[in-house]
Amino acid sequence: MSESSESDIDTTLTERATVVVDYIRDRVPAELHKPQVAVICGSGLHHLADALTASPQAEIAFSDLPYFPLTTVDGHAGKLVFGYFGHVPAVCMVGRIHFYEGNPFDISVFPVRVFAVMGIKTLVVTNAAGGLNSDYRVGDLMVINDHINLPGLAGWHPLKGANDPLFGPRFLALSDAYDLDLRKKFFAASATLKLTRPVHEGVYVFVSGPTYETRAESRMLKLMGADAVGMSTVPEIIIARHSGLKVLAISLITNEVVTAPMPRVADGLDLDPAAGKANHEEVIEAARLAGHDMRELVLETIKSL
Ligand code: HPA
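Notes on the structure in this doc start here.

Thresholds, definitions, all that
Once a new chain begins, its residue numbering starts again from 1 and follows that chain's sequence as written. Local features in a predicted model are, by the rule used here, given only for residues with pLDDT of at least 70; side-chain atom pairs are given and counted only at 80 or more, and totals for whole chains, interfaces and linings are based on all residues. Heavy atoms throughout the structure, all of them, feed into the side-chain values; hydrogens and water do not. Here a cavity means grid points, on a 1 Å grid over the protein atoms only, where a 1.4 Å probe fits yet cannot get out; a pocket means an open set of points with protein on both sides within 12 Å along at least five of seven lines; lining residues are those with an atom within 4 Å of a point. Grid points are joined across faces, edges and corners, and a volume is the space filled by probe spheres set on the points. Helix and strand definitions follow DSSP, with helices as H or I runs of at least four residues and strands as E runs of at least two, each counted in order from the N terminus. By this rule the span expected of a helix is its residue count minus one, scaled by 1.5 Å. Any two residues whose heavy atoms approach within 4.5 Å are treated as being in contact. For the purposes of these results, a polar contact is taken to be a pair of N or O atoms within 3.5 Å, where, inside protein, one atom must be able to donate a hydrogen and its partner to accept one; residues adjacent in sequence count only when each atom of the pair is a side-chain atom. Just so you know the grouping, Ala, Val, Leu, Ile, Met, Phe, Trp, Tyr, Cys and Pro go in nonpolar, Asp, Glu, Lys and Arg go in charged, and all remaining residues, Gly too, go in polar. Residue proximity to a molecule or strand is established when one non-hydrogen atom of the residue lies within 4 Å of it. Surface accessibility follows the Shrake-Rupley procedure with a 1.4 Å probe radius. Residue values consider only the protein chains on display as shielding. We define a nonpolar core as any set of buried Ala, Val, Leu, Ile, Met, Phe, Trp, Tyr and Cys residues linked to one another through side-chain atoms lying within 4.5 Å. Throughout, exposure labels follow a simple rule: accessible area from a 1.4 Å probe, protein chains only, divided by the maximum for the residue type, with under 20% read as buried, over 50% as exposed, and the rest as partly exposed. Helix axes are fitted only over the stretch in contact, all axes being lines through C-alpha atoms; the angle between N-to-C directions runs from 0 to 180 degrees. What sets the label is the angle itself: under 35 degrees gives roughly parallel, over 145 gives roughly antiparallel, 65 to 115 gives roughly perpendicular, and the rest give oblique. The crossing is said to be left-handed when, going from far helix to near helix, the turn is anticlockwise and less than a right angle, and right-handed when the turn is clockwise. A pair of strands is treated as paired once DSSP finds two or more bridges between them. By the criterion used throughout, a crossover qualifies as right-handed when its path from the first strand across the helix to the second strand runs clockwise, the strands pointing away from the viewer.

**Overview of the layout of surface pockets**
In this structure, the second largest pocket encloses a volume near 320 Å³. Along the walls of the second largest pocket sit 22 residues, with Ser 43, Ala 128, Tyr 212, Met 231 and Val 283 positioned nearest its centre. Among the elements of the structure, strand 5 (122-131), strand 8 (228-230), strand 9 (246-256) and helix 8 (280-303) are those that each provide at least two residues to the lining of the second largest pocket. Sort the elements by how many residues they give to the lining of the second largest pocket and strand 5 lands first, with 4 residues.

**Some details on helix 5 (residues 180-192)**
Taking 1.5 Å of rise per residue, 13 residues should cover 18 Å, and helix 5 covers 18 Å from first to last C-alpha, within 8% of that figure. In this structure, the buried residues of helix 5 make contact with strand 5, strand 6 (141-149), strand 7 (199-206), strand 9 and helix 8. The N-cap residue of helix 5 is Asp 179: its side-chain oxygen and the backbone nitrogen of Asp 181 are 3.2 Å apart. Trailing helix 5 by a residue or two, Lys 194 shows a phi angle of about 55°, which is positive.

**Observations concerning empty space enclosed by the protein**
Per the stated rule, a full pass over the model turns up 1 cavity of 30 Å³ or more. Ile 97, His 98, Phe 99, Phe 105, Ser 108, Val 109, Phe 206, Met 231, Ser 232, Thr 233, Pro 235 and Glu 236 are the residues that line the largest cavity. Residue classes in the lining of the largest cavity are distributed as 7 nonpolar, 4 polar and 1 charged.

**Comments concerning the site of the ligand**
All residues in the neighbourhood of the ligand are listed as Ala 128, Ala 129, Gly 130, Tyr 212, Glu 213, Val 229, Gly 230, Met 231, Thr 254, Asn 255, Val 257 and Val 283. The backbone of Ala 128 places a nitrogen or oxygen atom 3.3 Å from a nitrogen atom of the ligand. Between a nitrogen atom of the ligand and a main-chain N or O atom of Gly 130, the distance comes to 3.3 Å. Contact with the protein chains hides 95% of the accessible area of the ligand, taken as 260 Å² for the molecule alone. Among the elements of the structure, strand 5, strand 8 and strand 9 are those that each provide at least two residues to the shell around the ligand. The element best represented in the shell around the ligand is strand 5, accounting for 3 residues. Per-class residue counts for the shell around the ligand are 7 nonpolar, 4 polar and 1 charged.

**Considerations on the nonpolar core**
Counting residues in hydrophobic clusters, the biggest one holds 52 residues, and the most contacted among them are Ile 24, Phe 68, Leu 80, Phe 82, Val 114, Phe 115 and Leu 123. In terms of residues, this core owes the most to one element, helix 3 (residues 110-118), which gives 6 residues. Residues within four places of Val 114 in sequence aside, it is in contact with Ala 17, Val 20, Val 21, Ile 24 and Phe 68. Counting residues in each nonpolar core, the second largest holds 31 residues, with Val 39, Ala 49, Leu 52 and Ala 90 among its members.

**Quick word on the packing of helix 5 against helix 8**
At their nearest, the axes of helix 5 and helix 8 sit 8 Å apart, and the two run at 120° to each other. The pairing of helix 5 with helix 8 is recorded here as oblique in orientation. Handedness of the crossing formed by helix 5 with helix 8: right-handed. In this structure, helix 5 uses Leu 182, Lys 185, Phe 186, Ala 189, Ser 190 and Thr 192 to contact helix 8, whose residues at the interface are Leu 297, Glu 300 and Thr 301. The class makeup of the residues in the contact of helix 5 with helix 8 is 4 nonpolar, 3 polar and 2 charged.

**Here's the deal with the pairing of strand 7**
Of all 8 residues that make up strand 7, 7 are buried, and the element is covered over most of its length. When strand 6 meets strand 7, the two strands line up parallel, connected through 8 bridges. Its bridge partner being in strand 7, Asn 149 is matched across the sheet by Phe 206. Bridge count between strand 7 and strand 8: 3 bridges; the pairing is parallel. Bridging across to strand 8, Val 205 finds its partner in Val 229. Each parallel crossover has a hand, and the one from strand 7 via helix 6 (residues 215-223) to strand 8 is right-handed.

**Re helix 7 (residues 234-242)**
Within helix 7, 8 of the 9 residues are buried, which leaves the element mostly enclosed by the surrounding structure. When helix 7 is considered as a whole, its buried residues turn out to be Val 234, Pro 235, Glu 236, Ile 237, Ile 238, Ile 239, Ala 240 and His 242. The first or second residue beyond helix 7 is Gly 244, which carries a positive phi of 85°.

Written out as structure tokens, the structure is:
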């Protein structure tokens, strides 16, 4: 890739995405060829796809799709499901590709380029995240209204390298990345459904993972202004914005991040250093418990588009 000119790379990315779209259109019913909305299901949130009406519906495994990366994480199945949310034709990406799985960025965000070529206008992204804001509890939701791209600020950026002007500009502004109207619609959906689950609005910080944060790292993230932390979403949002899509992103708070300083030996042995330690099973369980509300909210929001 390094020896290609910018236009070679442009053609290749567009061509690869077009090959995938053609492949999909050969395998799904014609009326599902132009979904308007794509939904990326976060850890343990694969049941979002159950809100798609059953008929007509089509599924394609990532492993069958040309150029598609494979997901290797428990709780992420790896398939595209096509159907309708209410009257809106849509596709759900069940299972996502994380940076920590070792894929180069251009591979891990490729599905979003495919969505853009397919003609999708709106991307809804869900994720499991650790709560940094001390008002957040396990099971709460957070509508993302801004992000901190920590790996991006340090040079690991999904738009690093030659720009593809067929998709978007070299220097993309992200000060309005998260669509105001979609955020309003999500809150309106929560009111319509009379859900008691708290819905916050705040800043998501993207970290590469796969380790959960140390206490000191968590305090740093909180000081930076982040309300929730996770290992996904931001690369997909950036590529969606670069491709001209509107985005809505929702975090499910699956654990309260430990930010208290590690107790010192001199503080006494009654302090438990392991208290509050994050683990993947707890994340999946919290997502399972909130899955129903998340599904109804996403469905209601999309129906109001
Ligand atoms: N940190 C990072 N990613 C996460 C967390 C967390 O605490 N919880 C769920 N995903």
